[in-house]
Amino acid sequence: MDHRLPSPDSDMVVSCLGNEKTVLEPRPRPMVDSGEMLLRLRVVGFCGTDLFKLTTDSASPGTVLGHEIVGEVIDLGDGVDKFDLGDRVCVPHHVPCGECLYCRRGNETMCETFRENLMEPGGFADSILIKSRATALAAHRIPDDISDAAAVFVEPAACVLRGVERSGIDRDGTAVIQGGGSMGLLHLLVLKAALPGVSVAVIDPLEPRRALAESLGASATAAPGDAALDAVQGLTAGAGADAVFDTVGGSRLLEAGLQLSRQGGTIVLFAHAPDGDRAGFDLNDLFKFERRVLGTYSGALHEQAAVFELIKSGALDPSPLVTHTMPLNDFQRGYSLAKNQEALKILFTPTVSTETT
Ligand SMILES: [Zn+2]
Ligand SMILES: [Zn+2]
């Protein structure tokens, strides 16, 4: 049991220690400067990137991870007139500059400025400072009828929408999603919301995930391998899918994705590959059969705004993907659940006092 408690001007955060360990510790509450705002955490999503950074030990000790947040405004710096105290807001942690070569060419997520983390100390914290660029350009006030559990998906769903748009899939096209975890199923929901006529097949070895995919609107589901090939051929009169979204990662999935796509189809890579993994596939899949392999990374302002509108309109409600909600005190438990694939989306809420009198 951790007995370190916050003082009146400090808050608890989940701080990385290395070796997959974290500790709940007090940190001074950040002070707002002009253009900034301070949020009291409402919920923060546990993301595949957080999982990746913890399992690969790539977050330096003292780092506070977490970036999919919904918070309530508790302090405002000078000049912020877009928001009022008490507003519920969602906001991403990265905002591109809008002016550099990458931004001008539509590769905003490669922008040098985009790398800067605009949340202090990070999302796994009871209060979070939002820097001025994110406050001015990227934060959205959440309407009363939209739940925290839906709004918290704006950032990850924006990443998904970027891949969906770049795939070029038509509104009546057929998509395959490799992986029925929270990102795979989020692809399903974003595809159905953005392109209501689309047919989607979800490929996952776990039966409960396939069942959930069907209840969320998948036209077909199958285990990887021959069953997946049969299902996709059945759905496309033998042609193969217009677009395949790989939410698992790695060269084996790429080869399977090429097999599941039609001639002229697109494979979108949407996951970290194992370190050093190299792909080998028939190059004529690209030249002779006009297949395309592309990757998309993160999401920019355009996708965030578009996803926010989809959620606001009710077309997109990812909240059924939330399987666990727990206070930040239980962070290690949430981490194990995610690591062992025993959860889909985990949301953390502010710490509860563990003080016993
Ligand atoms: Zn994320
Ligand atoms: Zn830029």
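Note that the structure is predicted; figures quoted are calculated from it, not measured. (Residues numbered from 1 in each chain as written. Chains lettered and ligands numbered in written order. Predicted model: local features only at pLDDT ≥ 70, side-chain atom pairs only at ≥ 80, totals over all residues. Heavy atoms only, no water.)

Topic: the overall build of the protein chain
For step 1, the next point in the chain: Broken down by element type, the protein chain carries 12 helices and 16 strands.
For step 2, the next point in the chain: Computed over the C-alpha atoms, the radius of gyration of the protein chain is 21 Å, within 12% of the 21 Å expected from 2.2 N^0.38 for a compact globule of 357 residues.
For step 3, the next point in the chain: In terms of overall dimensions, the protein chain has a C-alpha envelope of 65 × 45 × 40 Å along the principal axes.
For step 4, the next point in the chain: Per-residue burial for the protein chain yields a buried fraction of 51% across its 357 residues.
For step 5, the next point in the chain: Across the protein chain, the fraction of contacts at a sequence separation of at least 24, relative to all contacts at a separation of at least 6, is 68%. (Helix = DSSP H or I, 4+ residues; strand = E, 2+ residues; numbered from the N terminus. Rg over C-alpha atoms; globule rule 2.2 N^0.38 Å. Buried < 20%, exposed > 50% of the residue type's maximum accessible area, 1.4 Å probe, protein only. Contact = heavy atoms within 4.5 Å.)

Some words on the packing of aromatic side chains
For step 1, the next point in the chain: Applying the stated criterion to the full structure yields seven aromatic pairs.
For step 2, the next point in the chain: Between Phe46 and Phe331 the ring centres are 5.7 Å apart and the planes differ by 80°, which places this aromatic pair in the edge-to-face class. With Phe46 in the loop between β3 (37–45) and α1 (48–55) and Phe331 in helix α12 (residues 331–339), this pair connects stretches of sequence that are 285 residues apart.
For step 3, the next point in the chain: Taking the relative accessible area as the measure of exposure, Phe46 reaches 5% and is therefore buried.
For step 4, the next point in the chain: Ring-pair connections join several aromatic residues into one group, and the members of that group are Phe46, Phe124, Phe331, Tyr335 and Phe348. (Phe/Tyr/Trp six-rings, centres within 6.5 Å; stacked < 30°, edge-to-face > 60°.)

Overview of the pairing of strand β10 (residues 199–203)
Note on strand geometry: in a regular strand, side chains alternate between the two faces of the sheet.
For step 1, the next point in the chain: Taking burial as the measure, the five residues of β10 include four buried ones, the bulk of the element.
For step 2, the next point in the chain: Bridging between strand β9 (residues 174–178) and β10 involves five bridges; their strand directions are parallel. Considered in β10, the bridge of Gln178 is made with Ile203.
For step 3, the next point in the chain: After leaving β9, the chain enters helix α6 (residues 182–194) and then returns to the sheet as β10, a path that is right-handed.
For step 4, the next point in the chain: As defined by bridge partners, β10 adjoins strand β11 (residues 220–222) across three bridges and the pair is classed as parallel. Considered in β11, the bridge of Ile203 is made with Ala222.
For step 5, the next point in the chain: In this fold, β10 hands off to helix α7 (residues 207–215), which returns the chain to β11; that crossover is right-handed. (Pairing = 2+ DSSP bridges. Right-handed = clockwise from strand over helix to strand, strands pointing away.)

Some thoughts on the pattern of salt bridges
For step 1, the next point in the chain: Considering all chains together, one arrives at 15 salt bridges under this definition.
For step 2, the next point in the chain: Salt bridges sharing common partners tie together Arg42, Glu72, Arg88 and Asp148. (Salt bridge = Lys/Arg side-chain N within 4 Å of Asp/Glu carboxyl O.)

Remarks on unusual backbone geometry
For step 1, the next point in the chain: For the bond from Glu120 to Pro121, the omega torsion is 0°, close enough to zero to count as cis.
For step 2, the next point in the chain: Secondary-structure assignment places Pro121 in the loop between β6 (119–120) and β7 (127–130).
For step 3, the next point in the chain: Of note, the phi angle at Asn19 is positive, near 55°, even though the residue is not glycine.
For step 4, the next point in the chain: Looking at the element boundaries, Asn19 is found in the loop between β1 (10–18) and β2 (21–28).
For step 5, the next point in the chain: One non-glycine residue, Asp57, lies in positive phi territory at about 60°.
For step 6, the next point in the chain: Note that Asp57 resides in the loop between α1 and β4 (68–76).

Quick notes on the coordination of the zinc ion (ligand 1)
For a metal with four tetrahedral donors the ideal donor-metal-donor angle is 109.5 degrees, while six octahedral donors give ideal angles of 90 or 180 degrees.
For step 1, the next point in the chain: Looking at the zinc ion (ligand 1), one finds its protein donor set to be Cys47 (SG), His67 (NE2) and Glu68 (OE), positioned 2.1 to 2.4 Å from the metal centre.
For step 2, the next point in the chain: Read in sequence order, the donor residues coordinating the zinc ion (ligand 1) give the pattern C-x19-H-E. With a gap of 20 residues between them, Cys47 in the loop between β3 and α1 and His67 in the loop between α1 and β4 connect regions that are remote in the sequence.
For step 3, the next point in the chain: By relative accessible area, which is 9% here, Cys47 ends up buried. (Donors = N, O, S within 2.8 Å, 3.2 Å for Na, K, Ca; no water.)

As for the nonpolar core
For step 1, the next point in the chain: Core analysis: the largest hydrophobic core is formed by 47 residues, its most contacted members being Val164, Ile169, Leu188, Val190, Leu191, Val307 and Leu316.
For step 2, the next point in the chain: Counting contributing residues, this core receives three or more from each of domain 1 (10–153 + 318–349) and domain 2 (160–295).
For step 3, the next point in the chain: When near neighbours in sequence (up to four residues on either side) are disregarded, Leu191 contacts Val164, Ile169, Ala175, Ile177, Pro196, Val198, Val200 and Phe245.
For step 4, the next point in the chain: One finds Val89, Met119, Ala125 and Leu337 within the second-largest nonpolar core, a separate group that totals 39 residues. (Core = buried A, V, L, I, M, F, W, Y, C linked by side-chain atoms within 4.5 Å. Domains from an automatic or database assignment.)

Notes on the domain arrangement of the protein chain
For step 1, the next point in the chain: Assigned domains within the protein chain: domain 1 (10–153 + 318–349) and domain 2 (160–295).
For step 2, the next point in the chain: The centre of domain 1, based on its C-alpha atoms, is set 29 Å off from the matching centre of domain 2.
For step 3, the next point in the chain: Counting residues at the interface gives 14 residues for domain 1, matched by 13 residues for domain 2.
For step 4, the next point in the chain: Where domain 1 abuts domain 2, roughly 1,100 Å² becomes buried across the two surfaces, and 64% of that area is made up of carbon and sulfur atoms.
For step 5, the next point in the chain: Of all residues in domain 1, the largest losses of buried area upon contact with domain 2 belong to Phe52, Leu321 and Leu344, amounting jointly to 46% of the total for that side.
For step 6, the next point in the chain: Taken together, the links from domain 1 to domain 2 amount to one salt bridge.
For step 7, the next point in the chain: Looking at side-chain class alone, the side of domain 1 that touches domain 2 contains seven nonpolar, five polar and two charged residues. (Buried area = accessible area lost by both parts, 1.4 Å probe. Nonpolar A, V, L, I, M, F, W, Y, C, P; charged D, E, K, R; others polar.)

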